[in-house]
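Single-letter residue listing:
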Amino acid sequence: MSQHKKVRKAVFPVAGLGTRFLPATKSVPKEMLTVVDKPVIQYVVEEALEAGIEHLVFVTGRNKHVIEDYFDIQFELEQTLRSRSKTAELTILAQQLPKAGTVSFTRQQEPLGLGHAVWCAREIVGNEPFALLLPDMIMRAEDSCMKGMVELYDQTGGNIIAVEECAPDQAHKYGIVGVGEAIGKGFKITGMVEKPAKGTAPSNFFINGRYILQPEIFGILSTQERGAGNEIQLTDAMLKLLSRQEFAGYHFRGETFDCGAKDGFILANVAFSLSREDIRPLVEAQIRAMVSGK
Ligand code: G1P
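Structure report, in brief. These figures come from a predicted structure and were not determined experimentally.

### A few points about the site of the ligand
Now for step 1: As a matter of local geometry, the ligand sits amid Leu114, Leu134, Met137, Tyr174, Gly175, Glu194, Lys195, Ile207, Gln233 and Thr235.
Now for step 2: Between the ligand and Gly175, the relevant distance is 3.0 Å, taken from an oxygen atom to a main-chain nitrogen or oxygen of the residue.
Now for step 3: One nitrogen or oxygen atom from the main chain of Ile207 is found 2.7 Å from an oxygen atom belonging to the ligand.
Now for step 4: Protein chains bury 76% of the 390 Å² of accessible surface belonging to the ligand in isolation.
Now for step 5: Residues that form the shell around the ligand fall into these classes: five nonpolar, three polar and two charged.

### Section: helix α11 (residues 280-292)
Now for step 1: With 13 residues, α11 ought to run about 18 Å at 1.5 Å a step, and its terminal C-alpha atoms sit 18 Å apart, in line with that.
Now for step 2: Gly293, located one to two residues past α11, shows a positive phi value of around 75 degrees.

### So, the pattern of salt bridges
When their charged atoms lie close together, side chains carrying opposite charge are able to pair.
Now for step 1: A full pass over the atoms with the stated rule returns 18 salt bridges.
Now for step 2: Across the pair Lys64 and Glu31 runs a salt bridge whose closest N-O atoms are separated by 2.9 Å. Of the two residues, Lys64 sits in the loop between β4 (55-60) and α2 (65-70) while Glu31 sits in the loop between β1 (9-13) and β2 (34-35), which places them 33 residues apart along the sequence.
Now for step 3: For Glu31, a relative accessible area of 2% gives the class buried.

### Structural notes on the nonpolar core
Now for step 1: Of all hydrophobic cores here, the largest spans 44 residues; its most connected members are Phe12, Val35, Phe58 and Ile138.
Now for step 2: Excluding residues within four positions of it along the chain, Phe58 makes contact with Phe12, Val14, Ile41, Val45, Ile67, Phe71, Val103, Ser104, Phe105 and Thr106.
Now for step 3: With 34 residues, the next largest nonpolar core counts Leu112, Val118, Val125 and Met238 among its residues.

### Brief notes about unusual backbone geometry
Now for step 1: In the segment running from Leu22 into Pro23, the intervening peptide bond is cis, with an omega of 5 degrees.
Now for step 2: Counting through the fold element by element, Pro23 comes out in the loop between β1 and β2.
Now for step 3: Positive phi is not limited to glycine here, since Gln224 has a value of about 55 degrees.
Now for step 4: Looking at the secondary structure, you find Gln224 in the loop between α8 (216-221) and α9 (234-241).
Now for step 5: Of note in this structure, Asn230 is not a glycine but carries a positive phi near 60 degrees.
Now for step 6: Looking at the element boundaries, Asn230 is found in the loop between α8 and α9.

Parameters and conventions
Residues numbered from 1 in each chain as written. Predicted model: local features only at pLDDT ≥ 70, side-chain atom pairs only at ≥ 80, totals over all residues. Heavy atoms only, no water. Near = heavy atom within 4 Å. Polar contact = N/O pair within 3.5 Å; in protein donor to acceptor, adjacent residues only side chain to side chain. Areas by Shrake-Rupley, 256 points an atom, 1.4 Å probe, with all protein chains shown as cover. Nonpolar A, V, L, I, M, F, W, Y, C, P; charged D, E, K, R; others polar. Helix = DSSP H or I, 4+ residues; strand = E, 2+ residues; numbered from the N terminus. Expected span 1.5 Å × (residues − 1). Salt bridge = Lys/Arg side-chain N within 4 Å of Asp/Glu carboxyl O. Buried < 20%, exposed > 50% of the residue type's maximum accessible area, 1.4 Å probe, protein only. Core = buried A, V, L, I, M, F, W, Y, C linked by side-chain atoms within 4.5 Å. Contact = heavy atoms within 4.5 Å.

These figures come from the coordinates and say nothing about function on their own.
So this is what it looks like as structure tokens:
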């Protein structure tokens, strides 16, 4: 048993406008775009559940009600499937449905930045550590990223940020951490900076969108100070918390697809299609032919 307070709740900030996917995201939230046959958000929720998370907290915004509907019963659909004895489809729906009372929704009323979105979840999270999963990023690994983070947290307590290495010329797109001594499957974080100017990043370890944070972050976020891009940045608040609490970097070694960008989204579809036994035989030969131009 870990001596540290269990991470029970996970926050998913899903209020983003998805402008990079217009016109699709005019009426469909980017988190509902599908990778093979599941919406992006489903992959991220499954990662959290695999890590032992018990309560899902969605920070939504205008035009995001279909996310709420997705995690609810679709009565007419299920009745129709039942009347047609479509048991396989009913099983898929039953597996995807969270238990009653284990999902909460709150709204970010204005798009003021990631730090602000996280702060909007403060009342629902309360005074306990929580996981934060950015829904743009979906990951593929033997053990999920968040599961590995929870294991590290059980040893260290404090705050955990998952990181991966990027090419130095890509560092300005991300939050970047400073690297200290090794701890377990990670290292002590010595500093962090959001979207560093080219050539100024403290390392090439970027924050990949998975966090375990202590509730003291909410007090810091409540000052609503603006940072890079004139947004309320989570990284800036974490840097302030770093002067009071420990942060460990969890070095995730797996594949990450940034489904907030067109290339990442397309690659996720190809990768997850090829890793599915039922789909791979249908598409592999044709993908090869398209690539080789035959
Ligand atoms: C956010 C975080 C950044 C992190 C990134 C991962 O940035 O602020 O620290 O590296 O997600 O995707 P955004 O992508 O919202 O600009």
